[in-house]
Amino acid sequence: MSQAPPPLGTPVVRREGRDKVTGTARYAAEHTPPGCLYGRPVPATIARGRVDAIRAEEALALPGVHAVLTHENAPRLKEPDDPILAVLQNDRVPHRGWPVALVVADTPEGARAGAESLRITYESAGHDVLLTEDHPGLYTPETVNGDYPAVRERGDTDRAFVTAPVQIDATYTVGALHNHPMEPHATTAQWDENGHLTVHDSSQGSTKVRDSLVTAFGIRPQQITAVSEHVGGGFGSKGTPRPQTVLAAMAARHTGRPVKIALPRRQMAAVVGHRAPTVQHVRLGADLDGILTAIDHEIITHTSTIKEFVEQAAVPTRIMYGSATSRTTHRVVALDVPSPSWMRAPGEAPGMYALESAMDELASALGMDPVELRIRNDPANEPDSGRAFSSRGLAACLEKGAARFGWYDRDPRPAIREEGPLLLGTGVAAATYPVYIAPSSASAHAAPDGSYRIRVNATDIGTGARTVLAQIAAEALGAPVENVRTDIGSSELPDAPLAGGSAGTASWGWSVHKACTLLRRQLDERAGPVPADGLTVTADTQQETAEESPYARHAFGAHFAEVAVHSRTGEVRLRRMLGVFAAGRILNPRTARSQFIGGMTMGIGMALTEASTMDPVFGDFTESDLASYHVPACADVPEIEAHWIDEEDPHLNPMGSKGIGEIGIVGAAAAVGNAVRHATGIRLRSLPLTPDTLL
Ligand code: MOS
């Protein structure tokens, strides 16, 4: 008999793959308890003001309409932990698309007809939705997303910049970007006769959903079961519950029936968060050898009037390259816009677009190869803190990527490679993403038949969490992976953090590893067989994760892109893309490759197709569906290669892994933009790179 392969590091097939492709995996909106009603949120049609009156008689007279909830009759909430959840509590309209009513009916069609029959009048106030560089409302916040200080400065950056022999001074803009997971945000909610609330919620973490509902409804955690068994993507927008979660629970309480809400795609942009637009001013000073002496990165961005969320786009600049001086700042203005929030690699994705474009500009100004420029400025220690890196694979990624891509075959001169009407070019950009880790708990159970069961409230948002957790458990138990079952996706399981911040596997996996290690020890120490009801060990990683690491811990990567730009239409087609990542130990090459490629694909969208326009008169984003907001389709995505370097890092967690969910998007748009510059000689500094901007 052949030896079974070691569970970790092997391309184990995703456990729920068959269920998903055969339709047996059920998502939040696919649970239909007996008597289930359907809710349709009604978005505000003014950009700021208040609801004057809502007349519901006509809607209520329609067949099948059961209820119309408004701020006048909806259940009162305690103050929620997130102001976006305080829906139907007063008449205020903070932005267009804010829910002002919910119609509940027997069928989705009935609810929609009811919503269209409401007579709503508003008192409109003037609105201000446009982010400008000189907006009088701009202020410097204390902290930005991730609890980082808004401002960091080392040395006299201004002086170092003006005295630098080579200077880059450029402004880059990234418009708002929208989270459009394939599965829209959805909730099915039901209260039983004992006052127990069950929600099936499309979420990145149902421990958080439970806790938010506990706060909003003022009930005990034991009174709520939040389930997120299968989730069709989130990209950050399902990291916290969204208004439909609260609305469904409210409506279920109000009607005494189960209520299901699936957000229509067109309502999503206003309530699920978005990547806030950024205006980014970058100044780089360098000596003639390309050694950076000044880095200055200033972010201007927006938040809403109900919540301060500041896209931390200058934060990656603090750790990327060595420089004697450095200043990174964020300013924000509260506008009458929907609340921004997390979107895959918040901070890093837009910030590294600007920094890595500026590095390309610097390489051009120096006449230096952009790979070489980055390697020359690779710092020995983390510039911001002086701490040693636990591992830093940037140079290795650049070198391996350059070799695999055939980078050095390129003639660095711009606009000289022609193929009929096409201009061809190649570009490179670096990537980074921090190592986050959160405390988690898990239990491990050994049955007498030699099988194991792992329980942890992890979430699979498409990553294959069940599979990799089974691998981690099997490794710790010394058991075949087939003998390990993993139960995830319910708040009835041991508490665990959300699938976000690229921290899921490291956080959940650590507690699984610990529980399994303890269980294995108990099994080894036992004299007799496993008792009939089995053995269970529960563990948490509060202690292990309490202290900040003495090391600076980040994943790194490098993207290489080749584009063809049509000289008459301005159309940019990506020809090929190759990424190399240094993210600790890769636990499952099959599912990891899929996440890297997914991130890079999202970066292609950011570079070429995803565009959102704020209409200052209308007072909202104009692209609210997938017909107008273009996420990349198959034809936009050529062959993408994702590779990694073998990185042994003992300072992370027992598995030796860094996160991989977000780094794929970071820097991808810059690589494409730099390739367009190489192809055409035109330096664009605003995304996306649409044909009209190239002509
Ligand atoms: Mo991710 S944007 O941290 O869910």
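Note that this is a predicted model, so its numbers are computed, not measured. Residue positions are given per chain, counting from 1 as you read along its sequence in written order. Local features in this predicted model are restricted to residues whose pLDDT is 70 or higher, and side-chain atom pairs enter the listing and the counts only when it is 80 or higher, whereas totals over whole chains, interfaces and linings include all residues.

Engineer: Got a sec to walk through the overall build of the chain? Specific residues and values, please.
Structural biologist: Starting at the N terminus, helices and strands are each numbered in turn, a helix being any DSSP run of H or I of at least four residues and a strand any DSSP run of E of at least two. When helices and strands are tallied, the chain shows 17 helices and 32 strands. With C-alpha atoms as the basis for the radius of gyration, the globule rule is written as 2.2 Å multiplied by the number of residues raised to the power 0.38. Here the C-alpha radius of gyration of the chain, 26 Å, is about what a compact globule of 695 residues would show, namely 26 Å. Overall, the C-alpha framework of the chain stretches about 75 × 75 × 50 Å when taken along its three principal axes. The burial tally for the chain puts 56% of its 695 residues in the buried class. Contacts in the chain between residues at least 24 apart in sequence constitute 83% of all its contacts with a sequence separation of at least 6. Exposure classes come from backbone-placed C-beta atoms, where a residue is buried if 20 or more other C-beta atoms lie within 10 Å of its own, exposed if 12 or fewer do, and partly exposed in between. Distance between backbone-placed C-beta atoms decides contact: two residues are in contact if it is within 7 Å.

Engineer: I'd like to hear about the confidence of the model for the chain, residue by residue, with values.
Structural biologist: One number per residue, pLDDT, summarises how confident the predictor is, and it ranges from 0 to 100. Residues with a pLDDT of 70 or more make up 99% of the chain, whose mean pLDDT is 97. Taken together, the chains of this predicted complex give a pTM of 0.97 and an interface ipTM of 0.96.

Engineer: Any details on the sheet that holds strand S6 (residues 119-124)? Residues and values, ideally.
Structural biologist: The antiparallel open sheet is built from 3 strands, whose spatial order is S4-S2-S6. Only two strands of the sheet have a single partner each, and these edge strands are strand S4 (92-93) and S6. When DSSP finds two or more bridges between two strands, those strands count as paired. Where strand S2 (residues 49-55) meets S4, 2 bridges bridge the pair, whose relative direction is antiparallel. Note on S4: the bridge partner recorded for arginine 50 is arginine 92.

Engineer: Which residues make up the nonpolar core, and what values go with them?
Structural biologist: Core membership is restricted to buried Ala, Val, Leu, Ile, Met, Phe, Trp, Tyr and Cys residues, and these are joined into a nonpolar core through C-beta atoms within 7 Å. In this structure, Val103, Leu469, Ala473 and Val672 are the most contacted members of the largest nonpolar core, which totals 195 residues. If near-sequence neighbours (up to four positions away) are discounted, alanine 473 is found in contact with Ala444, Tyr452, Ile454, Val484, Val512 and Cys516. Judged by nonpolar contacts, the second largest core, of 11 residues, contains Ala150, Phe309, Val310 and Val315.

Engineer: Which residues make up unusual backbone geometry, and what values go with them?
Structural biologist: A cis geometry characterises the amide bond from leucine 687 onward to proline 688, with omega recorded as -5°. Mapped onto the secondary structure, proline 688 falls in the loop between strand S32 (686-687) and helix H17 (691-694). The phi torsion at leucine 88 lies on the positive side, around 60°, for a residue other than glycine. Relative to the elements of secondary structure, leucine 88 occurs in the loop between strand S3 (65-69) and S4. Its 25 C-beta neighbours within 10 Å are what place leucine 88 among the buried residues. Of note, alanine 415 is a non-glycine position whose phi angle comes to about 55°, a positive value. For alanine 415, a count of 16 C-beta atoms within 10 Å corresponds to the partly exposed category.

Engineer: Can you explain the sheet that holds S3? Please cite residues and give values.
Structural biologist: Strands pair in a sheet through their backbones, by hydrogen bonds, and they do so in one of two ways: parallel or antiparallel. An order of S3-S5-S1-S15-S12-S13-S14 is seen for the 7 strands of this open sheet, with the pairing classed as mixed. The strands lining the two open edges of the sheet, one partner per strand, are S3 and strand S14 (224-227). Mean inter-strand twist for the sheet, computed between neighbouring axes without regard to direction, equals 20°. Here strand S12 (residues 186-191) runs beside strand S15 (residues 259-262); their pairing, made up of 4 bridges, is antiparallel. Across the sheet, the residue bridging to threonine 187 is isoleucine 261, located in S15. On top of the sheet, helix H3 (residues 108-117) reaches strand S1 (37-43), S3 and strand S5 (99-105); it is set at about 30° to S1, its chief contact. The strands touched by helix H6 (residues 243-255) within the sheet are S1, S3, S5, S12, strand S13 (197-201) and S15, with S12 carrying the most contacts at an inclination of about 30°. For helices, the fitted line uses only the C-alpha atoms of the stretch in contact; every axis is such a line through C-alpha atoms, and the angle between N-to-C directions lies from 0 to 180 degrees.

Engineer: Would you mind going over the environment of alanine 532 in detail, with residue names and values included?
Structural biologist: Among the secondary structure elements, alanine 532 is positioned in the loop between helix H13 (504-525) and strand S26 (535-540). Note on alanine 532: 7 C-beta atoms within 10 Å, which makes it exposed. Between the C-alpha atom of alanine 532 and that of aspartate 449, which follows or precedes it by 83 residues, the distance is 9.2 Å.

Engineer: Tell me about the UniProt feature "domain: Aldehyde oxidase/xanthine dehydrogenase a/b hammerhead" (unreviewed entry) in the chain, and please be specific about residues and values.
Structural biologist: UniProt positions are given in the numbering used here, feature names are shortened, and annotations may be inferred rather than shown by experiment. Using the residue numbers shown here, the UniProt feature "domain: Aldehyde oxidase/xanthine dehydrogenase a/b hammerhead" (unreviewed entry) corresponds to residues 22-126. The straight-line gap between the two end C-alpha atoms of residues 22-126 is 51 Å; of that span, 15% is helix and 32% is strand.

Engineer: Describe the pairing of S5, with residues and values.
Structural biologist: The buried count for S5 comes to 7 of 7 residues, which makes it a mostly enclosed element. Pairing between S1 and S5: 6 bridges, direction antiparallel. Paired with proline 41 across the bridge in S5 is leucine 102. Relative to S5, S3 runs antiparallel, the two being bridged by 4 bridges. Pairing of valine 65 across the sheet is with alanine 105, part of S5.

Engineer: Can you lay out the domain arrangement of the chain for me, pointing to particular residues and giving the numbers?
Structural biologist: What marks off one domain from the next here is an automatic or database domain assignment. Once the domains are mapped, the chain shows domain 1 (17-25 + 439-533), domain 2 (31-126 + 182-233 + 238-271), domain 3 (128-181 + 274-344) and domain 4 (390-435 + 553-695). A straight line from the C-alpha centre of domain 1 to that of domain 4 covers 34 Å. Of all the elements in the fold, those that place two or more residues in the side of domain 1 that touches domain 4 are helix H12 (465-477) and H13. For the side of domain 1 that touches domain 4, the element with the highest residue contribution is H13, accounting for 5 residues. Under the scheme applied, nonpolar residues are Ala, Val, Leu, Ile, Met, Phe, Trp, Tyr, Cys and Pro; charged residues are Asp, Glu, Lys and Arg; polar residues are all the others, including Gly. Grouping the constituent residues of the side of domain 1 that touches domain 4 by class yields 5 nonpolar, 8 polar and no charged.

Engineer: Talk me through helix H9 (residues 348-366); I want residue IDs and the actual numbers.
Structural biologist: An α-helical turn contains 3.6 residues, so any two residues separated by three or four positions project in the same direction. Between the first and last C-alpha of H9 there are 26 Å, a value that for 19 residues agrees with the 27 Å anticipated at 1.5 Å per step. Burial of H9 is extensive: 16 of the 19 residues sit out of reach of the surface. A positive phi of about 65° marks glycine 367, the residue just after H9. The span you would expect from a helix comes to 1.5 Å times its residue count less one.

Engineer: Let's hear about the environment of leucine 292: which residues, and what values?
Structural biologist: Mapped onto the elements, leucine 292 comes out in strand S18 (residues 292-304). Note: C-alpha distance between leucine 292 and valine 166 (126 residues apart in sequence) is 9.3 Å.

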